[in-house]
Amino acid sequence: MNIHEYQAKDILKNYGVAVQRGIVADTPDKALAAAKELQAETGSKWFVIKSQIHAGGRGKGTVQETGSRGVVLAKSFDEVVDKSKAILGGTLVTIQTGAAGKKVNKVLVAEDVYYPGESEPKEYYISILLDRATSKPVIMASTEGGMDIEHVAEHTPEKIIKEWVNPAIGLQPFQARKIAFALGWEGNAFKDGVKFIHSLYKAYIGLDAAMFEINPVLKTSDNKIIAVDAKVNLDDNALFRHKDLEELRDISEEDPLEVEAGKSGLNYVKLDGNVGCMVNGAGLAMATMDIIKISGGEPANFLDVGGGANAETVEAGFRIILKDPNVKAILINIFGGIVRCDRVANGVVEAYKKVGNIPVPIIVRLQGTNAEEGAKIIQESGLKVFSAILLKDAAQKIKEVLA
């Protein structure tokens with residue numbers, strides 16, 4: 001589960017991570033009030049207005065309606081109002097949102113942390129995620145903060161520092177010092193940095209997070225280490241232990257069909273193709289998508305109904321898939337291991353009748369327990385549903401209905 005920057009910073013601050021201070025606002029007037037409050041607290045005369053959407057590249061992104069960037073600097077209270085107006089309610093398009101972009105409902109009004117001092121401010125990169133190859137959390141850091149880490153990894157991989165943490169004993173003091181040394185921090189910045197890394201790892205473990213990405217981490221002109229941005233992805237499977245975090249979910253940032261599927265216990269991801277997929281099992285879903293492509297089609301979605309495919313789940317799947325106007329056919333590919341194929345077939349027929357007029361052909365491929373009985377039920381249903389036993393049969397049917 002993704003959360004907004006302002007939410008992530010509030011959480012990290014509770015774990016002792018130093019962050020750029022800011023106040024969230026959903027109107028220009030509230031943004032002005034936030035700026036005045038920040039000036040009273042911090043003395044900041046300039047302010048950063050940061051759009052709050054679940055996507056990276058906001059600083060380089062553009063608001064379609066106004067041409068404003070997604071992250072802008074305001075040098076006066078009047079500019080806070082004007083620049084908030086140019087962002088709020090607009091559609092921000094970044095490299096991660098695609099051409100459709102995302103609507104900006106809130107902005108974070110943040111203090112200016114790039115103030116002059118004894119040294120030049122410098123940006124760094126730090127992230128924590130699970131390295132599945134070693135089954136250990138890995139801390140990744142780089143002196144090239146503020147840039148796309150993928151670009152750094154491709155062109156200057158030697159600038160990425162990696163430190164693996166044994167989950168049985170946790171992050172050791174020497175490891176935090178090793179990272180701070182490698183980033184070139186000295187004096188107060190070194191002490192602040194070691195504390196920053198320890199607090200960040202503590203938060204990562206405490207939140208059951210899937211990933212932290214702090215880009216940039218800033219060494220200020222007076223040698224403080226703070227998080228200027230924060231991308232936090234929480235592990236959905238651990239949210240039952242964090243009911244307070246579950247409340248941070250912003251459904252408006254998610255695909256409406258994926259939200260609807262979740263309510264029905266389905267795993268759904270929308271794609272750009274023309275053949276809807278309904279399967280039981282993620283591995284089978286990937287194979288089904290390959291079959292569709294081999295057949296000359298393109299998968300319109302990934303939809304896993306789980307091990308217990310029945311009339312209710314199939315009906316919910318039909319309704320969700322059919323809301324995509326690009327779908328020209330539906331392929332149901334079920335392996336009857338836990339569930340019998342004849343029960344699935346009856347569920348498909350029942351669901352079809354409940355949904356009513358389904359304007360596209362449906363190919364049902366059942367394999368496993370009682371597969372022949374299931375195929376017979378489909379063939380004798382009198383509905384616009386075609387049965388297939390082998391994958392090659394399903395592929396041929398797709399070719400025929402798309403021709």
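We now turn to the structure provided with this report. (Residues numbered from 1 in each chain as written. Predicted model: local features only at pLDDT ≥ 70, side-chain atom pairs only at ≥ 80, totals over all residues. Heavy atoms only, no water.)

Quick look at the packing of helix 2 (residues 28-42) against helix 3 (residues 77-87) now. Contact geometry for helix 2 and helix 3: axes closest at 9 Å, N-to-C directions at 145°. When the axes of helix 2 and helix 3 are compared, the crossing they make is right-handed. Note on element contacts: helix 3 touches helix 2 through Phe-77, Val-80, Val-81, Ser-84 and Lys-85, opposite Pro-28, Ala-31, Leu-32, Ala-35, Lys-36 and Gln-39. Of the residues that constitute the contact of helix 2 with helix 3, the class distribution is 7 nonpolar, 2 polar and 2 charged. (Axes fitted to C-alpha atoms, helices over the stretch in contact; angles between N-to-C directions. Helix = DSSP H or I, 4+ residues; strand = E, 2+ residues; numbered from the N terminus. Left-handed = near helix turned anticlockwise from the far one by under 90°. Contact = heavy atoms within 4.5 Å. Nonpolar A, V, L, I, M, F, W, Y, C, P; charged D, E, K, R; others polar.)

Right, let's get into unusual backbone geometry. Geometrically, the link from Asn-215 to Pro-216 is a cis peptide bond, its omega value of 10° lying close to zero. Relative to the helices and strands, Pro-216 is located in strand 11 (residues 209-219). Although it is not a glycine, Asn-370 sits at a positive phi angle of roughly 60°. Tracing the sequence through the fold places Asn-370 in the loop between strand 18 (362-368) and helix 12 (371-379).

Okay, the sheet that holds strand 4 (residues 71-74) next. Read from one edge to the other, the open sheet built from 4 strands follows the order 1-7-2-4, with strand pairing classed as antiparallel. Lying at the two open borders of the sheet, with one neighbouring strand each, are strand 1 (22-25) and strand 4. Across this sheet, the average inter-strand angle for adjacent strands is 25°, counted without regard to direction. Relative to strand 7 (residues 107-111), strand 2 (residues 47-51) runs antiparallel, the two sharing 5 bridges. Across the sheet, residue Ser-51 finds its bridge partner in strand 7, namely Val-107. Of the strands in this sheet, strand 1, strand 2 and strand 7 are in contact with helix 1 (residues 5-14), which crosses strand 7 at around 50°. Here helix 3 sits on the sheet in contact with strand 2, strand 4 and strand 7, set at roughly 160° to strand 4. (Pairing = 2+ DSSP bridges.)

Turning our eyes to something else, we now look at the packing of helix 10 (residues 311-321) against helix 11 (residues 341-355). Following both chains from N to C, one finds helix 10 and helix 11 inclined at 50°, their axes separated by 8 Å at the closest point. Comparing the axis directions of helix 10 and helix 11 gives the class oblique. Crossing of helix 10 against helix 11: the hand is right-handed. Residue-level contacts link Ala-311, Val-314, Glu-315, Phe-318 and Arg-319 of helix 10 to Gly-347, Val-348, Glu-350, Ala-351, Tyr-352, Lys-354 and Val-355 of helix 11. Split into classes, the residues belonging to the contact of helix 10 with helix 11 amount to 7 nonpolar, 1 polar and 4 charged. (Parallel < 35°, antiparallel > 145°, perpendicular 65-115°, else oblique.)

The next thing to look at is the environment of Gly-336. Mapped onto the elements of the fold, Gly-336 is located in strand 17 (residues 329-336). C-alpha separation for the pair Gly-336 and Gln-367, spaced 31 residues apart in sequence, amounts to 5.9 Å. Excluding residues that lie within four positions of it along the chain, Gly-336 makes contacts with Cys-341, Gln-367, Gly-368 and Thr-369.

For the rest of this paragraph, the subject is the pairing of strand 18. The side chains of a regular strand alternate between both faces of the sheet. Of all 7 residues in strand 18, 5 are buried; the element is thus mostly enclosed. As paired strands, strand 17 and strand 18 are joined by 7 bridges and run parallel to one another. Residue pairing in the sheet places Ile-332 in a bridge with Val-364 of strand 18. Pairing of strand 18 with strand 19 (residues 385-388) involves 4 bridges; the strand directions are parallel. Residue pairing in the sheet places Arg-365 in a bridge with Ala-388 of strand 19. Note that the unit made of strand 18, helix 12 and strand 19 has a crossover that is right-handed. (Buried < 20%, exposed > 50% of the residue type's maximum accessible area, 1.4 Å probe, protein only. Right-handed = clockwise from strand over helix to strand, strands pointing away.)

With that out of the way, let us pick up the sheet that holds strand 3 (residues 62-63). If you walk across this open sheet you meet the 3 strands as 3-5-6, and the pairing is antiparallel. In this open sheet, the two strands that pair with only one neighbour each are strand 3 and strand 6 (102-103).

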